[in-house]
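Read off the chains here:
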Amino acid sequence: MNKSELIDGMAEHAGITKAAAKKALESFLGNVEGTLKQGGRVSLVGFGSWSVSQRNAREGRNPQTGKTIQIAAKNVVKFKAGSELGNAVN
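All figures in this text were calculated on a predicted structure; none of them were measured in a lab. (Residues numbered from 1 in each chain as written. Predicted model: local features only at pLDDT ≥ 70, side-chain atom pairs only at ≥ 80, totals over all residues. Heavy atoms only, no water.)

A.B. asks: Which residues make up a nonpolar patch on the surface, and what values go with them?
C.D. replies: Side chains of Phe28, Leu29, Leu44, Phe47 and Phe79 sit close together on the surface and give an oily, nonpolar patch of about 410 Å² of accessible area. Considering the arrangement of structural elements, one finds Phe79 in strand β5 (residues 74–81). (Patch = residues over 30% accessible without salt bridge, like charges linked within 9 Å, V, L, I, M, F, W, Y side chains within 5 Å. Areas by Shrake-Rupley, 256 points an atom, 1.4 Å probe, with all protein chains shown as cover. Salt bridge = Lys/Arg side-chain N within 4 Å of Asp/Glu carboxyl O. Helix = DSSP H or I, 4+ residues; strand = E, 2+ residues; numbered from the N terminus.)

A.B. asks: Give me the sheet that holds strand β1 (residues 42–44): which residues, what numbers.
C.D. replies: Taken in spatial order, the three strands line up as β1-β2-β5 in an open sheet, and their pairing is antiparallel. The open sheet has two free edges, formed respectively by β1 and β5, since each of these has just one partner strand. For this sheet, the mean angle separating the axes of adjacent strands, direction not counted, is 25°. For β1 and strand β2 (residues 48–55), the ladder comprises three bridges, and the chain directions are antiparallel. Bridge pairing in β2 places Ser43 opposite Ser49. Packed onto the sheet, helix α2 (residues 18–37) meets β1, β2 and β5 and runs at close to 40° relative to β2. (Pairing = 2+ DSSP bridges. Axes fitted to C-alpha atoms, helices over the stretch in contact; angles between N-to-C directions. Contact = heavy atoms within 4.5 Å.)

A.B. asks: Can you tell me about the pattern of salt bridges, naming the residues and giving the values?
C.D. replies: Where charged atoms from two side chains of opposite charge come close, those side chains can pair. Scanning the model with the defined rule gives three salt bridges in all. Here Lys3 makes a salt bridge to Glu26, at a shortest N to O gap of 3.7 Å. Separated by 23 residues along the polypeptide, Lys3 in helix α1 (residues 3–14) and Glu26 in helix α2 bring together distant segments of the chain. A relative accessible area of 43% means that Lys3 is categorised as partly exposed. Residue Glu26 is classed as partly exposed on the basis of its relative accessible area, which comes to 37%. Between Lys18 and Asp8 there is a salt bridge whose closest N-O contact spans 3.4 Å. With Lys18 in helix α2 and Asp8 in helix α1, this pair connects stretches of sequence that are 10 residues apart. By relative accessible area, which is 34% here, Asp8 ends up partly exposed. (Buried < 20%, exposed > 50% of the residue type's maximum accessible area, 1.4 Å probe, protein only.)

So this is what it looks like as C-alpha cells:
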C-alpha cells in the first residue's frame with residue numbers, strides 16, 4: 001500500500017473526502033516527525049511506538065574494494081509493533 005492508496009482507504013472507511021483524509025494523514029505524519037526530531041517518542045497503544053536511537057560511528061568495509069571506511073554516527077528511527085497489531089497479523 002502506498003500513500004495514495006492509504007488516503008483512499010482512509011477516506012472510504014471514515015466517510016470523508018480524499019482531501020480531508022490527505023490533510024489528516026499529512027498532519028499525523030508531521031506530528032510524528034516533529035516529535036521524533038525533538039527526541040521524543042510516539043506511542044499508539046495497541047498499534048506500536050516510534051522512537052529515535054543513536055547509532056555510533058563505526059568502521060565498515062567497501063564490498064567492492066575491501067577497503068576499510070568510516071561510517072558516521074547518526075540517529076535512526078525505530079518502530080516496535082504493539083501486541084494488538086502483532087496479534088492481528090498472526
